[in-house]
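Coordinate analysis (summary)
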Amino acid sequence: MQSKTRIFDQPQPLVERMIMNVEKVIVGKRETIENAFVAMLSGGHLLLEDVPGVGKTMLVRALARTIGCEFKRIQCTPDLLPSDVTGVSVFNAKTGDFEFRPGPLMTPIVLADECNRTSPKTQSAFLEAMEEKRITIDGVGYELPKPFVLLATQNPVDYEGTYALPEAQMDRFMMKLTLGYPTPEQEILMLDRLQDRQPLDHLKPVIVQDEFVQLQREAAMIHVDNTLKDFIVRLALATREHSDLYLGASPRASYALMRAAQTSAYMKGRSFVVPDDIKDLVLPIWTHRLILTSEARMTGKSADMILSGLLASLQTPVLRYVSSK
C-alpha cells in the first residue's frame, strides 16, 4: 500500500528540473523560486510584493507553465466586482433555469495582479477560496480544483488608489516574497535572452497537474518530531508576548510553518524535518503576519529584526534519532 501512495521516491531530480525550467525565464532568483515552489507544494498561497518591472507576473506565468496547470489572471481594479472573480448565475431563457458560469477563481493557478487596487468588497471574495478551497454562489457551494493556488502581486511604493489588504487576508498567504533588482551581470544575461525572443513563449511543462497534486500529498507525509512542533509553538508564543509586536503569529502561521518545513525537507529528499528547515522559512512565512507597535516602528525596528532576535534567543531543539527514507 505504501508503494502506491508514494510514487516519487526521489523527488529532488524532478524538483530541480522544475526550478531550472523557471530559471530559463527568471534570472538569478533561485531562492525566491525555491520558496515559491515550497509554498505551492504545501498547498499555500503566495504574495509577491515588489516594485514594477522586476518580473512578478512573469514568475507566476513561468510557475504555471512549469506545472502544466490551467492559469488565469485577474487584473484587480477599483471597479472589479466579486462576481467578476467567483462567477455568476445567469438565467437561461430556453431552459427556464439559472446556469452557473464559473469565474477565473475556479482555476488551478490564479494570478491576482495588483491585488490591493480592488475594493474590500471584492477582496472578501478571495477569503473563502483561500482558506476552504471552495466558493459559495447564491447559497450553493462549489469545490475548487486541485491544486488551487492563488498568487497575488502588489506594489509597495505607489499607494494612490489602493486598499490595504486586511490582516485576515494577509494571514491566509503562506509566504510573502520579493524579487528585487538583478545584479548588473544578471540584467545583461536577461537582455541577451530577450533580445530576439521571449523565453516564456518556449517554456514547456515539466510536470502535469495530477503529478503536482501527488507531490503535495507526499510532502504532507514527511515526519515532524514533537520537539520541532514544540519549537514552532514556543516561537509563535514569543511573538505574541513580544513588547514590540501589537499582533503576533497566529495558529494558522504555526501550521503554515510546519507544512512548509515538511515540503522543504521533501524537496531535499529527506523523510523528516530538521530544525534548519524551520529556521530558514520563518522570515518569508511570518514577517507579513506580524504588526509592530507604533513605538517599535518609530525606532526603526522591523518584523525581520524581531524574528531574527527571537530565533537567536530560543534554544534550537536537537533531534535524538536518525531517520531513513
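Here's what I pulled together on the structure shown here. (Residues numbered from 1 in each chain as written. Predicted model: local features only at pLDDT ≥ 70, side-chain atom pairs only at ≥ 80, totals over all residues. Heavy atoms only, no water.)

**A word on the overall build of the chain**
Broken down by element type, the chain carries 15 helices and 11 strands. Relative to its length of 325 residues, the chain is compact, with a C-alpha radius of gyration of 21 Å against a globular reference of 20 Å. Dimensions of the chain, computed from C-alpha atoms along their principal axes, come out at roughly 70 × 50 × 50 Å. Relative to its 325 residues, the chain shows a buried fraction of 49%. (Helix = DSSP H or I, 4+ residues; strand = E, 2+ residues; numbered from the N terminus. Rg over C-alpha atoms; globule rule 2.2 N^0.38 Å. Buried < 20%, exposed > 50% of the residue type's maximum accessible area, 1.4 Å probe, protein only.)

**Considerations on helix α6 (residues 120-132)**
A rise of 1.5 Å per residue sets the reference length of α6, with its 13 residues, at 18 Å; its end C-alpha atoms lie 19 Å apart and thus fit the reference within 8%. Once α6 finishes, lysine 133 follows within two positions and takes phi at roughly 55 degrees, a positive value. (Expected span 1.5 Å × (residues − 1).)

**Some words on a nonpolar patch on the surface**
Among the surface-exposed residues, Met190, Leu191 and Leu194 lie close enough to one another that they form a single nonpolar patch of about 250 Å² accessible area. With respect to the helices, strands and loops of the structure, leucine 191 is situated in helix α8 (residues 184-194). According to the relative accessible area criterion, leucine 191 is exposed, its value standing at 51%. (Patch = residues over 30% accessible without salt bridge, like charges linked within 9 Å, V, L, I, M, F, W, Y side chains within 5 Å. Areas by Shrake-Rupley, 256 points an atom, 1.4 Å probe, with all protein chains shown as cover. Salt bridge = Lys/Arg side-chain N within 4 Å of Asp/Glu carboxyl O.)

**Notes on the side chain of serine 254**
Tracing the backbone through its elements, the reader meets serine 254 in helix α11 (residues 251-267). Other than its neighbours up to four places away in sequence, serine 254 contacts Ile232, Ala236, Arg240 and Trp286. (Contact = heavy atoms within 4.5 Å.)

**Looking at the packing of aromatic side chains**
For the structure shown, the criterion picks out 1 aromatic pair. Residues phenylalanine 100 and tyrosine 142 carry aromatic rings whose centres are separated by 4.2 Å and whose planes lie at 15 degrees to one another, so their mutual orientation is stacked. Of the two residues, phenylalanine 100 sits in strand β4 (residues 97-102) while tyrosine 142 sits in strand β7 (residues 140-143), which places them 42 residues apart along the sequence. Since its relative accessible area comes to 22%, tyrosine 142 is described here as partly exposed. Seen from the ring of phenylalanine 272, arginine 270 lies directly overhead, with NZ or CZ sitting 6.0 Å from the centre. (Phe/Tyr/Trp six-rings, centres within 6.5 Å; stacked < 30°, edge-to-face > 60°. Lys NZ or Arg CZ within 6 Å of the ring centre and 35° of its normal.)

**Description of the sheet that holds strand β5 (residues 109-113)**
Spatial ordering of the open sheet is given by β2-β5-β8-β1-β9, a layout of 5 strands whose pairing is parallel. The open sheet has two edge strands with one neighbour each: β2 (71-75) and β9 (173-177). When the angles between neighbouring strand axes are averaged without regard to direction, this sheet yields 20 degrees. By the bridge criterion, 4 bridges tie strand β1 (residues 45-49) to β9 in an arrangement that is parallel. Counterpart to histidine 45 in the pairing with β9 is phenylalanine 173. Sitting on the sheet, helix α3 (residues 30-41) touches β1, β5, β8 (149-154) and β9, and the angle it makes with β9 is about 170 degrees. Relative to β8, α6 is tilted by about 140 degrees, and along the sheet it contacts β1, β2, β5, β8 and β9. (Pairing = 2+ DSSP bridges. Axes fitted to C-alpha atoms, helices over the stretch in contact; angles between N-to-C directions.)

**Describing the state of the cysteines**
Going through the model one piece at a time under the given rule, you end up with 0 disulfides. You can see cysteine 76 has no disulfide; the closest cysteine sulfur is in cysteine 115, sitting 6.2 Å from it. Note on cysteine 76: relative accessible area 2%, which makes it buried. (Disulfide = S-S within 2.5 Å.)

**Considering unusual backbone geometry**
A cis amide bond, omega -5 degrees, links lysine 146 with the succeeding residue proline 147. Structurally, proline 147 can be placed in the loop between β7 and β8. Even without a glycine there, the phi angle at glutamate 114 is positive, about 50 degrees. Overall, glutamate 114 belongs to the partly exposed group, its relative accessible area being 28%. Its identity is not glycine, yet lysine 133 carries a phi of approximately 55 degrees, on the positive side. As for its position among the elements, lysine 133 is in the loop between α6 and β6 (134-137). The exposure class assigned to lysine 133 is partly exposed, which follows from its relative accessible area of 27%.

**Quick word on the pairing of β5**
In terms of burial, β5 is largely enclosed, as 5 of its 5 residues are buried. The alternating pattern of β5 places Ile109, Leu111 and Asp113 on one face and Val110 and Ala112 on the opposite face, and all of these are buried. Across 5 bridges, the pairing between β2 and β5 is parallel. Opposite arginine 73, over in β5, you have leucine 111 as the bridge partner. Note: β5 against β8, 4 bridges, orientation parallel. In the sheet register, isoleucine 109 faces β8, and the bridge partner there is valine 149.

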